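# Chains, contacts and geometry: an overview
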Amino acid sequence: MLIISVTSIAATEDPSSTADVSPRIVRLMARRRVIESVDGNVLPMRTAILFRRKGRFWPDIFRPGRYMCILMFWGLMTLLFMMLLAKFALLNTLHDLKLDQSEFITARSVEISIRTNKLITEGDDIIISEFKKIPLLPKLTLPDIWTKPNTDLYYKCVQRSSKDIISGDPTNGYILVHSNGGLNQMKTGISDMVAIAKVMNATLVLPSLDHNSFWTDPSDFKDIFDWKHFVEYLEEDISVVDHLPPAYASIKPHQRAPVSYSKASYYSNQMSSLLKKHKVINFTHTDSRLANNGLPNPIQRLRCRAMYEALKFTDEILELADKLITRLRDDDKPFIALHLRYEKDMLAFTGCSHNLSKAEDEELRQLRRSVRHWKEKHIDGEERRRQGVCPMTPREVAVFLEAIGFPSDTKIYIVAGNIYGQDGVKALQDKYPNIYTHSNLATEDELSPFNNRQNKLAAVDYTVALESDVFVFTYDGNMAKAVQGHRKYEGFRKTIIPDKKNFVKLIDRMDKGLISWEEFSMKVKILHANRTGGAVLRKPGKVVKSEESFYANPYPGCICEK
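Before going into details, it helps to say that this report is about the structure given with it. (Residues numbered from 1 in each chain as written. Predicted model: local features only at pLDDT ≥ 70, side-chain atom pairs only at ≥ 80, totals over all residues. Heavy atoms only, no water.)

This part is about the pattern of salt bridges. Scanning the entire structure with this criterion turns up 28 salt bridges. The salt bridge involving Arg160 is made with Glu236; its shortest N-O contact spans 3.1 Å. Taken as a pair, Arg160 in the loop between β4 (154-156) and β5 (174-179) and Glu236 in the loop between α9 (227-233) and β8 (239-241) lie far apart in primary sequence, 76 residues in all. The class for Glu236 is partly exposed, based on a relative accessible area of 34%. The shortest N-O distance in the salt bridge between Lys481 and Asp476 comes to 3.7 Å. Judged by its relative accessible area of 23%, Lys481 falls in the partly exposed class. (Salt bridge = Lys/Arg side-chain N within 4 Å of Asp/Glu carboxyl O. Helix = DSSP H or I, 4+ residues; strand = E, 2+ residues; numbered from the N terminus. Buried < 20%, exposed > 50% of the residue type's maximum accessible area, 1.4 Å probe, protein only.)

Here it is in structure tokens:
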């Protein structure tokens with residue numbers, strides 16, 4: 001058995017002083033311990049320093065005057081550091097709030113805009129009560145009216161793969177194409193025909209354009225498009241020729257109007273069989289002959305290459321458009337391109353006559369009756385307006401732009417024909433005097449090659465609209481779809497898409513004095529916070545004819561996420 005002794009070491013060193021050991025000596029002796037074995041041998045052993053120091057650390061550290069000063073010093077330093085950190089964080093937060101209040105409102109607006117849309121459509125009583133629950137924020141800076149949506153995560157993806165390049169296989173035959181409609185309807189139809197020729201392994205003859213539409217423009221393909229660029233750009237996709245070769249010139253073409261919104265299988269099976277049999281097919285209609293969705297990715301990419309890359313306008317058109325854009329930006333200020341489709345043919349077709357006189361309404365009715373292929377003859381124009389399918393009037397556009405926040409000195413370039421009605425654009429010009437068109441922005445000499453060539457002038461307007469800082473359209477027609485889709489393809493340039501159904505209800509309520517201008521303006525901003533042409537996936541619809549157009553939104557298909 002081992003016995004630990006504290007006094008034995010004192011006895012060993014000085015036996016006579018064992019009984020009279022001072023406290024200091026005891027402490028010194030306690031620092032060394034002796035193990036006395038059974039046989040009387042004494043062996044010294046050090047106690048582990050770790051345990052000895054731990055034993056005295058916490059009592060000593062709180063001993064007054066020992067470590068308390070050091071502890072207080074570092075505590076104060078830590079507190080000072082935390083205060084500085086909190087100060088910088090607070091300043092940074094306030095700075096962000098000051099600079100990015102617009103993002104705050106936009107995010108909040110997006111969150112409640114869906115609910116707002118629902119409330120407006122559910123009835124007048126709900127509008128009053130529910131909108132009062134949405135607090136107005138008049139002191140906060142609203143989103144920059146010229147800033148385009150943030151779409152840094154997206155890019156064009158239209159490159160052809162090696163397997164998509166045409167081989168040397170013989171063609172199944174030739175396709176003649178008669179493009180019907182106005183410029184943009186023909187443009188989208190030709191793009192479809194390029195994709196269809198690919199599916200059918202056919203050779204495409206340069207399309208002929210419609211000369212019998214409302215404008216009766218005699219211009220042909222080569223007058224509007226750079227046909228050599230068209231042929232060369234598509235040479236790895238399909239074969240394009242100027243005219244039928246002599247061996248096929250004597251063949252009577254098989255006349256055919258393809259079924260609208262057809263899948264690729266319709267052309268690869270049924271139409272290809274007809275082509276092999278007849279060798280030459282004349283497609284008499286090109287508008288909406290391919291489905292918007294459900295097509296192979298290579299076909300969708302080819303449609304975009306044809307629409308946005310191959311169908312380049314002639315140098316004559318691009319040069320005039322460039323001059324107009326330069327003049328609009330001569331003071332380095334941005335401008336709006338406005339597709340104000342308040343034109344005679346469109347109003348007659350839709351049956352919309354809001355704010356027109358009785359004589360003007362009757363004139364539109366007579367025009368509608370005289371055009372055979374317009375199927376609807378008796379239309380309730382006011383009901384159409386409530387449904388949000390009428391073009392906005394010049395006065396409605398002026399109120400809309402002011403409510404969004406555009407100042408009265410904003411430059412507006414109208415990309416449309418003559419505005420119908422005895423007052424024309426007066427209601428718009430009273431609020432926004434800087435109104436321009438190709439007629440008052442170009443000289444007579446510059447416009448002389450374009451006289452009676454409405455499709456060529458439409459191509460000029462299309463180019464100006466594409467390059468504008470903001471594009472606004474008041475009717476979802478062919479030009480609005482084409483320009484809107486092209487601007488998305490070019491990086492989601494800002495395009496304001498009016499929510500006409502809800503806007504009409506709001507402006508009517510304001511005109512009746514039921515809501516103030518401040519409330520009206522804030523609600524319009526909320527409704528359109530997320531309607532600026534950003535990246536929104538195109539979704540298939542239950543009814544193919546009413547779903548979103550591929551050319552109005554080529555995402556997905558030609559736009560991908562990084």
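Taken together, the side chains of Ile70, Phe73, Trp74, Met77, Leu80 and Leu84 define a hydrophobic patch exposed on the protein surface, amounting to about 620 Å² of accessible area. Examined against the element boundaries, Trp74 turns out to sit in helix α4 (residues 68-99). On the basis of relative accessible area, Trp74 is assigned to the exposed category, the value being 53%. (Patch = residues over 30% accessible without salt bridge, like charges linked within 9 Å, V, L, I, M, F, W, Y side chains within 5 Å. Areas by Shrake-Rupley, 256 points an atom, 1.4 Å probe, with all protein chains shown as cover.)

Bringing the packing of aromatic side chains into the picture now. For the structure on display, the rule yields 16 aromatic pairs. Centre to centre, the rings of Phe313 and Tyr462 are 5.8 Å apart; their planes meet at 80°, and the pair counts as edge-to-face. Taken as a pair, Phe313 in the loop between α12 (297-310) and α13 (315-328) and Tyr462 in helix α21 (residues 454-467) lie far apart in primary sequence, 149 residues in all. A relative accessible area of 1% places Tyr462 in the buried class. Through pairs of rings, three or more aromatic residues link up here, namely Phe221, Phe225, Phe230, Phe313 and Tyr462. A cation sits over an aromatic face here: Arg160 above Tyr233, 6.0 Å from the ring centre. (Phe/Tyr/Trp six-rings, centres within 6.5 Å; stacked < 30°, edge-to-face > 60°. Lys NZ or Arg CZ within 6 Å of the ring centre and 35° of its normal.)

Mapped onto the elements of the fold, Ser262 is located in the loop between β9 (254-256) and α11 (264-278). The class of Ser262 is buried, set by a relative accessible area of 6%. Engagement of the side chain of Ser262 in a polar contact is seen with the backbone oxygen of Val259, the distance being 2.7 Å. Sequence-distant contacts of Ser262, defined by excluding residues within four places in its chain, comprise Tyr267, Arg289, Leu290, Ala291 and Leu295. (Polar contact = N/O pair within 3.5 Å; in protein donor to acceptor, adjacent residues only side chain to side chain. Contact = heavy atoms within 4.5 Å.)

A separate point is unusual backbone geometry. Pro556 follows Tyr555 through a cis peptide bond whose omega is 10°. Tracing the sequence through the fold places Pro556 in the loop between α24 (517-527) and β16 (559-561). The residue Lys279 is not glycine, and still its phi comes out positive at about 70°. As for its position among the elements, Lys279 is in the loop between α11 and β10 (280-283). Positive phi values are uncommon outside glycine, yet Asp332 reaches one of about 60°. With respect to the helices and strands, the residue Asp332 is situated in the loop between α13 and β11 (335-339). Taking relative accessible area as the criterion, Asp332 reaches 73% and is therefore assigned exposed.

What follows is about the state of the cysteines. Evaluated as defined, the whole model comprises three disulfides. Two residues, Cys157 and Cys560, share a disulfide whose sulfurs are 2.0 Å apart. Across the S-S bond of Cys157 and Cys560 the torsion is about 80°, and the bridge reads as right-handed. On the criterion of sequence distance, the pair formed by Cys157 in the loop between β4 and β5 and Cys560 in strand β16 is long-range, its members being 403 residues apart. Exposure remark for Cys157: the relative accessible area of 10% places this residue in the buried category. Accessibility expressed as a relative area gives 26% for Cys560, which makes it partly exposed. Two residues, Cys304 and Cys558, share a disulfide whose sulfurs are 1.9 Å apart. Since a negative S-S torsion denotes a left-handed disulfide, the Cys304-Cys558 link at about 95° is right-handed. (Disulfide = S-S within 2.5 Å.)

Summed over all chains, the structure comprises two cavities of 30 Å³ or more. Estimated volume of the largest cavity: approximately 80 Å³. Around the largest cavity, the lining comprises 13 residues; the ones closest to its centre are Arg385, Cys390, Pro391, Met392 and Glu396. Here the residues of the lining of the largest cavity are counted per class, giving seven nonpolar, three polar and three charged. (1 Å grid on protein atoms, 1.4 Å probe; cavity = no way out; pocket = protein on both sides within 12 Å on 5 of 7 lines; lining within 4 Å. Points joined across faces, edges and corners; volume = space filled by probe spheres on them. Nonpolar A, V, L, I, M, F, W, Y, C, P; charged D, E, K, R; others polar.)

Strand pairing within a sheet occurs via backbone hydrogen bonds; the two strands may be parallel or antiparallel. Overall, parallel pairing links the five strands, which are arranged β13-β12-β11-β14-β15 in an open sheet. Two strands bound the open sheet, and with one partner strand each, they are β13 (435-436) and β15 (495-496). Where α13 meets the sheet, its contacts fall on β11, β12 (411-414) and β13, and the angle it forms with β12 comes to roughly 160°. Running at roughly 155° to strand β14 (residues 470-473), helix α22 (residues 478-489) makes contact with β11, β14 and β15 of the sheet. (Pairing = 2+ DSSP bridges. Axes fitted to C-alpha atoms, helices over the stretch in contact; angles between N-to-C directions.)

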